[in-house]
Amino acid sequence: MLITKIRKQGGAAVVTLPAEVLRQMDATIGEELSIEVSQHALIMRPARGERRRYSLGELLTGVTIQDMQALTENSAWAREGEPVGRELL
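Residue numbers restart at each chain and count upward from 1, following the sequence in its written direction. With pLDDT at 70 or above as the cut-off, local features in this predicted model cover only qualifying residues; side-chain atom pairs require 80 or more to be listed or tallied, and sums for whole chains, interfaces and linings still use all residues. Only heavy atoms go into the side-chain values, all of them from the structure, while hydrogens and water stay out.

Novice: Any details on the overall build of the protein chain? Residues and values, ideally.
Specialist: Numbering of helices and strands starts at the N terminus; helices are DSSP runs of H or I of at least 4 residues and strands are runs of E of at least 2. If you tally the helices and strands in the protein chain, you get four helices and four strands. For the protein chain, the sequential pattern of α-helices and β-strands runs β-β-α-β-β-α-α-α. It is over C-alpha atoms that the radius of gyration is taken, and the globule rule equals 2.2 Å times the number of residues to the power 0.38. Taken over the C-alpha trace, the protein chain has a radius of gyration of 24 Å; the compact-globule value for 89 residues is 12 Å, which it surpasses by more than 25%. Taken along the three principal axes of its C-alpha coordinates, the protein chain extends 65 × 35 × 25 Å. Partly exposed residues are those whose accessible area sits between 20% and 50% of the maximum for their type, while under 20% is buried and over 50% is exposed, using a 1.4 Å probe and protein chains only. A buried classification covers 7% of the 89 residues belonging to the protein chain. Note on contacts: a residue pair is in contact if any heavy atoms of the two residues lie within 4.5 Å. At a minimum sequence separation of 6, the contacts of the protein chain that also span at least 24 residues come to 2%.

Listed below in structure tokens is the structure:
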């Protein structure tokens, strides 16, 4: 187990990560980390890949034909109305 201190730098609280911790995390200096707090524990992971790209099928999972019909009806004003400002056509 490694122990480190929380110190103040400007208005922020700073924790120094030893090189061995970075190696075990497969992280590098300057890399972004995702941080979670769970039951008073801090969980840090490299943030790479967190912005996952979804397929259209994944995004539409659970959407029914009725949902799409309701969306079409509720947004008809945006497709059929006349310009009201400086919209580009």
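Back to the text.
Novice: I'd love a proper account of the pairing of strand S2 (residues 12-15), names of residues and values included.
Specialist: Note on pairing: DSSP must find at least two bridges between two strands before they are called paired. For strand S1 (residues 6-9) and S2, the ladder comprises four bridges, and the chain directions are antiparallel. Among the inter-strand pairings, arginine 7 is bridged to a residue of S2, identified as valine 14. Taking the residues between adjacent antiparallel strands as the criterion, S1 and S2 are bridged by two residues, where glycine 10 takes a positive phi near 65°.

Novice: Give me a nonpolar patch on the surface: which residues, what numbers.
Specialist: Residues Tyr54, Leu56, Leu59, Leu60, Val63, Met68 and Leu71 make up a contiguous nonpolar surface patch of about 700 Å² in total accessible area. When residues of the nonpolar patch are traced back to their parent elements, those giving at least two are helix H2 (56-59) and helix H3 (65-74). Every patch collects residues that have over 30% relative accessible area and no salt bridge, joining them within 9 Å if they carry like charges and within 5 Å if they are nonpolar side chains (Val, Leu, Ile, Met, Phe, Trp, Tyr). Note that accessible areas follow from Shrake-Rupley with a 1.4 Å probe, and for residues the cover is restricted to the protein chains shown. Salt bridges are counted wherever a side-chain nitrogen of Lys or Arg sits within 4 Å of a carboxyl oxygen of Asp or Glu.

Novice: Just give me the short version of the pattern of salt bridges, but keep the residues and values in it.
Specialist: The final tally for this structure, using the stated rule, is four salt bridges. Ionic pairing is found between glutamate 31 and arginine 48, a salt bridge with its closest N-O pair at 2.6 Å. Taken together, the residues glutamate 31 in the loop between helix H1 (19-25) and strand S3 (33-38) and arginine 48 in the loop between strand S4 (41-46) and H2 connect sequence positions 17 residues apart. According to the relative accessible area criterion, glutamate 31 is partly exposed, its value standing at 23%. Notably, a salt bridge pairs arginine 45 with glutamate 36, separated by 3.0 Å at the nearest N-O pair. For arginine 45, a relative accessible area of 40% gives the class partly exposed. The class for glutamate 36 is partly exposed, based on a relative accessible area of 41%.

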